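# Chains, contacts and geometry: an overview
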Amino acid sequence: MTPAETFSALLRGTAPLTALAPMQDVTTLQFMRVIDRYGGPEIYWTEYFRVHGDSRPEKWILDSITKNPTGKPVVAQLIGNDIPALVRNAKLLQKFPVAAIDLNLGCPAPIVYRKCAGGGLLREPAKIDAILGALRDAVTIPFTVKTRLGFESAAEFDALLALFAKHPIDLLTVHARTVKQMYRPGVRYDLIALAAKQMKCPVLLNGNVFSAAQAKQLLAETQVRGLMIGRGAIRNPWLFDQIRAELRGDKIKLPTGRDVLAYIHELWDNEITPGVKESAQVQRMKKFMNFIGAGIGEKFLHDIRRVATTADFWRVCGEFLDHNEPMELEPAPAADPNLAAIL
Ligand SMILES: Cc1cc2nc3c(=O)[nH]c(=O)nc-3n(C[C@H](O)[C@H](O)[C@H](O)COP(=O)(O)O)c2cc1C
């Protein structure tokens with residue numbers, strides 16, 4: 001089966017699906033490899049390919065498709081608003097083993113939305129309509145959309161759903177926040193339940209899923225086809241397996257401090273390029289530690305954000321994680337990093 005056929009078969013099935021959310025500079029080939037060793041989701045997403053003028057798919061993102069180490073389908077995400085360029089890139093990407101082409105309608109970074117791409121497009125329904133029409137015509141494999149609830153207000157969601165329903169898309173992923181909300185509290189799972197009810201295509205729920213028990217409850221409450229998980233999976237790579245166990249009714253296995261330490265070692269081994277300056281390596285790891293640390297505690301986050309050397313990095317990790325106590329890895333709300341500052 002091609003990745004697109006596998007993806008379509010997964011969508012047609014009945015078992016709840018899990019997906020790793022696209023995350024810029026995180027969901028690389030290397031990270032997918034690590035996550036998959038812990039069980040991983042059923043579906044992966046690339047970070048977005050930036051599409052404009054005469055752009056071509058970025059090589060380092062393409063690597064996660066051409067050298068996909070997981071054996072599972074990888075969806076290629078596009079961001080942009082130039083219709084001929086989007087169509088051209090979608091056609092180019094279809095020559096590679098991609099499971100589907102996905103359109104980003106949610107990126108909240110001002111540098112993106114001010115150019116009327118990503119989440120910025122949610123202010124331009126006529127433009128979305130034209131893009132969806134053109135991409136649907138050009139894409140012969142599954143075509144999917146990842147959106148937020150609206151730009152300014154969740155009151156925009158009804159009209160957006162009607163717009164998405166006009167086009168025969170194969171899957172809609174909804175991050176249950178508005179663009180202006182960035183990553184602040186107040187996720188609206190009730191609106192995702194509405195989307196699951198109204199849309200003919202399957203719907204994935206996205207936003208703040210951090211535990212297996214919560215995942216099970218959200219699946220039951222919203223009746224979505226599955227869950228897309230981002231930060232929760234960086235923090236807890238066991239989460240996808242834990243969710244599957246919870247849904248089967250099995251006991252959840254919690255990692256110990258030493259298991260978490262081994263995960264960080266694995267990330268280090270995969271993310272670090274030999275020959276790169278020590279400070280740059282530590283900096284690269286701190287990107288992950290901001291998310292992982294939120295499941296360990298305030299003091300750990302405080303200390304790890306201040307390390308500058310490899311030796312200090314491992315000293316702090318050892319201080320907090322060299323033990324065999326089970327770890328929930330759920331975020332203490334106060335410790336959740338302020339993403340606006342990180343992104
Ligand atoms: C570091 C980072 C990078 C992200 N990059 C992308 C991206 O390239 N495309 C996209 O659609 N969403 C991107 N997102 C948003 C996530 O896919 C997801 O919608 C969001 O984090 C909410 O899910 P979560 O609460 O499970 O993390 C990014 C999020 C983070 C934290």
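Structure: see above.
Cut-offs and rules
- Residues numbered from 1 in each chain as written.
- Predicted model: local features only at pLDDT ≥ 70, side-chain atom pairs only at ≥ 80, totals over all residues.
- Helix = DSSP H or I, 4+ residues; strand = E, 2+ residues; numbered from the N terminus.
- Rg over C-alpha atoms; globule rule 2.2 N^0.38 Å.
- Buried ≥ 20, exposed ≤ 12 C-beta atoms within 10 Å, placed from the backbone.
- Contact = placed C-beta atoms within 7 Å.
- Near = placed C-beta within 6 Å.
- Nonpolar A, V, L, I, M, F, W, Y, C, P; charged D, E, K, R; others polar.
- Pairing = 2+ DSSP bridges.
- Axes fitted to C-alpha atoms, helices over the stretch in contact; angles between N-to-C directions.
- Arc of directions from axis to C-beta.

### Let's talk about the overall build of the protein
Secondary structure summary: the protein contains 16 helices and eight strands in total. The C-alpha atoms of the protein give a radius of gyration of 20 Å, which matches the 20 Å a tight globule of 343 residues would have. With respect to the principal axes defined by its C-alpha atoms, the protein has extents near 55 × 45 × 40 Å. Every one of the 343 residues in the protein was classed for burial, and the buried ones make up 45%. When contacts within the protein are restricted to residue pairs at least 6 apart in sequence, those whose partners lie at least 24 apart make up 75%.

### With respect to the site of the ligand
Not every one of the 23 residues close to the ligand is listed here, only the nearest: Ala21, Pro22, Met23, Gly230 and Arg231. Where the shell around the ligand is concerned, the elements lending two or more residues are strand 2 (44-50) and helix 10 (231-235). Among the residues making up the shell around the ligand, the classes are represented as ten nonpolar, ten polar and three charged.

### Some remarks on the sheet that holds strand 2
Hydrogen bonding along the main chain pairs the strands of a sheet, whether they run parallel or antiparallel. Strand order in this open sheet of eight strands is 1-8-7-6-5-4-3-2, and the pairing throughout is parallel. Each having just a single partner strand, strand 1 (17-20) and strand 2 make up the two edges of the open sheet. Across the sheet, the mean angle from the axis of one strand to that of its neighbour is 25°, orientation sign disregarded. Here strand 4 (residues 100-105) pairs with strand 5 (residues 143-148) via five bridges, running parallel. From the neighbouring strand, leucine 103 faces strand 5, where its bridge partner is valine 145. Together, strand 6 (171-175) and strand 7 (203-206) form the strand contacts of helix 8 (residues 189-198), whose direction differs from that of strand 7 by roughly 175°.

### Concerning helix 9 (residues 212-222)
Among all positions of helix 9, only Ala212, Ala215, Leu218, Leu219 and Thr222 are buried. Mapping the buried residues of helix 9 onto a view down its axis gives an arc of 120°, with all of them on the same face. The inward-facing, buried residues of helix 9 contact helix 8, strand 7, strand 8 (226-229) and helix 11 (239-248). Looking at the residues trailing helix 9, positive phi occurs at glutamine 223, about 60°.

### Some details on helix 7 (residues 157-166)
Among all positions of helix 7, only Phe157, Leu160, Leu161 and Phe164 are buried. Seen from one end, helix 7 has its buried residues packed into an arc of 100°, which puts them on one side. Exposed and oriented more than 90 degrees from the buried face of helix 7 are Ala159 and Ala162. Summarising the contacts, the buried residues of helix 7 are in contact with strand 5, strand 6 and helix 8.

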